[in-house]
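Okay, here's what each chain looks like letter by letter:
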Amino acid sequence: MSITDEDVLEAAGALGEELAQKQSEATDSEFETILEECSKAISEETGIKYDDACDTGGCC
C-alpha cells in the first residue's frame, strides 16, 4: 500500500480534531500526557524524533 501526501494530511487532520476534543475533556496535566504519547508514537512510526524536528528540546 502506498501512502500519499493526501493520506498524511487527512490523518493529521483527524488527529488534530481528536486532540481538540480530548483537550476540552481533559485537565491540563492529562492533555500534556496525551501530547507526549502522541509525540512518542509519531517518532516511533516515522523514525524522526518529533521534539528535535520542531526544536523544542522537549515536547512540541
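Residues numbered from 1 in each chain as written. Predicted model: local features only at pLDDT ≥ 70, side-chain atom pairs only at ≥ 80, totals over all residues. Heavy atoms only, no water.

*Asks:* Whenever I open this one, helix H2 (residues 28-46) confuses me. Can you help?
*Replies:* Since the α-helix turns once every 3.6 residues, residues separated by three or four places project in the same direction. With 19 residues, H2 extends 27 Å between its outermost C-alpha atoms, agreeing within 8% with the 27 Å of an ideal straight helix rising 1.5 Å per residue. Taken residue by residue, H2 has Phe31, Ser39 and Ser43 as its buried positions. Taken end-on, H2 shows its buried residues confined to a sector of 115°, consistent with a single buried face. Summarising the geometry of H2, the exposed residues directed more than 90 degrees from the buried face are Ser29, Glu37, Lys40, Glu44 and Glu45. In the stretch just after H2, Gly47 is the one whose phi turns positive, near 80°. (Helix = DSSP H or I, 4+ residues; strand = E, 2+ residues; numbered from the N terminus. Expected span 1.5 Å × (residues − 1). Buried < 20%, exposed > 50% of the residue type's maximum accessible area, 1.4 Å probe, protein only. Arc of directions from axis to C-beta.)

*Asks:* How should the confidence of the model for the protein be read in this particular structure?
*Replies:* When pLDDT is low, close inspection of the predicted coordinates is not appropriate. Averaged over the protein, the pLDDT score is 83; the fraction of residues at 70 or greater is 80%. Summarising per-element confidence for the protein, the mean pLDDT is lowest in helix H3 (residues 50-53) (65) and highest in helix H1 (residues 5-25) (91). (pLDDT = per-residue confidence, 0-100.)

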